[in-house]
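Architecture at a glance
Given next are the chains, with one letter for each unit.
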Amino acid sequence: MAIHQATLTIRTPGPGTHEITEEVARELGRSGLQRGVATIFCQHTSASLVIMENADPSARRDLEAWLNRLVPENDRHFTHTLEGADDMPSHIKMALTRTSEQVPFADGQLLLGTWQGVFLWEHRRAPHSRRVLVTFVGE
């Protein structure tokens, strides 16, 4: 077994799902590994990861809108508001989603389904530079 690890820096323009499938696939190519499993980990508490449909953006917009309704900004019960109205909601959204995903790979290719993509989900309104750690274990 071999291990290849790298940190991807993803710049987000603001809230929403931002596809990073190509960045992960490029790093898999750099690894030289052919078969194994990829772990993708977001090193933040106000952004998350999701494997979601990548063919029709309306599916992601619907998911984003649903989560925004579930965790609205300006909830009077929030006390953690030092960085603005989207501060605590972004932490809750991260906790309700995922900070890591695992994807198997074979023949040097991610084994995602036909309409699946890996997305970094930015929960803050301001642009950010996010670190995503990718670890490939295989042969």
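Overview of the structure.

A separate point is unusual backbone geometry. Not every positive phi belongs to a glycine, and Asn74 is a case in point at roughly 65°. The exposure class assigned to Asn74 is exposed, which follows from its relative accessible area of 63%. Its identity is not glycine, yet Asp107 carries a phi of approximately 55°, on the positive side. Looking at where Asp107 falls in the secondary structure, it is placed in the loop between β5 (100-106) and β6 (109-110).

This part covers the pattern of salt bridges. Tallied over the entire structure, the rule returns 8 salt bridges. Between Glu27 and Arg30 there is a salt bridge; the shortest N-O distance is 2.8 Å. Remark: Arg30 and Glu27 occur in helix α1 (residues 21-31); sequence separation between them is 3 residues, near one turn of the helix. With a relative accessible area of 54%, Arg30 lands in the exposed category.

Once that is clear, we can look at the sheet that holds strand β1 (residues 2-12). Read across the open sheet, the 5 strands follow the order β1-β8-β3-β5-β6; overall the sheet is antiparallel. Strands with a single pairing partner mark the edges of an open sheet, and in this sheet they are β1 and β6. In terms of strand pairing, β5 meets β6 through 2 bridges, oriented antiparallel. Looking at β6, one finds that Ala106 is bridged to Gln109. Here α1 sits on the sheet in contact with β1, β3 (36-42), β5, β6 and β8 (128-138), set at roughly 150° to β1.

Residue position: Ile3 is located in strand β1. Sequence separation between Ile3 and Gln43 is 40 residues, and the spatial gap between their C-alpha atoms is 19 Å. Excluding residues that lie within four positions of it along the chain, Ile3 makes contacts with Thr135, Phe136 and Val137.

Strand order in the open sheet formed by 3 strands is β2-β7-β4, and the pairing between neighbours is antiparallel. The two strands at the open ends of the sheet, each matched to only one other strand, are β2 (16-19) and β4 (47-53). Taking each pair of neighbouring strands and ignoring which way they run, the sheet shows an average axis angle of 40°. Inspection of the sheet shows β2 paired to strand β7 (residues 116-122) by 4 bridges, in the antiparallel sense. Counted as the bridge partner of Thr17 is Trp121 from β7. Together, β2, β4 and β7 form the strand contacts of helix α2 (residues 57-70), whose direction differs from that of β4 by roughly 140°.

Conventions adopted
- Residues numbered from 1 in each chain as written.
- Predicted model: local features only at pLDDT ≥ 70, side-chain atom pairs only at ≥ 80, totals over all residues.
- Heavy atoms only, no water.
- Buried < 20%, exposed > 50% of the residue type's maximum accessible area, 1.4 Å probe, protein only.
- Helix = DSSP H or I, 4+ residues; strand = E, 2+ residues; numbered from the N terminus.
- Salt bridge = Lys/Arg side-chain N within 4 Å of Asp/Glu carboxyl O.
- Pairing = 2+ DSSP bridges.
- Contact = heavy atoms within 4.5 Å.
- Axes fitted to C-alpha atoms, helices over the stretch in contact; angles between N-to-C directions.

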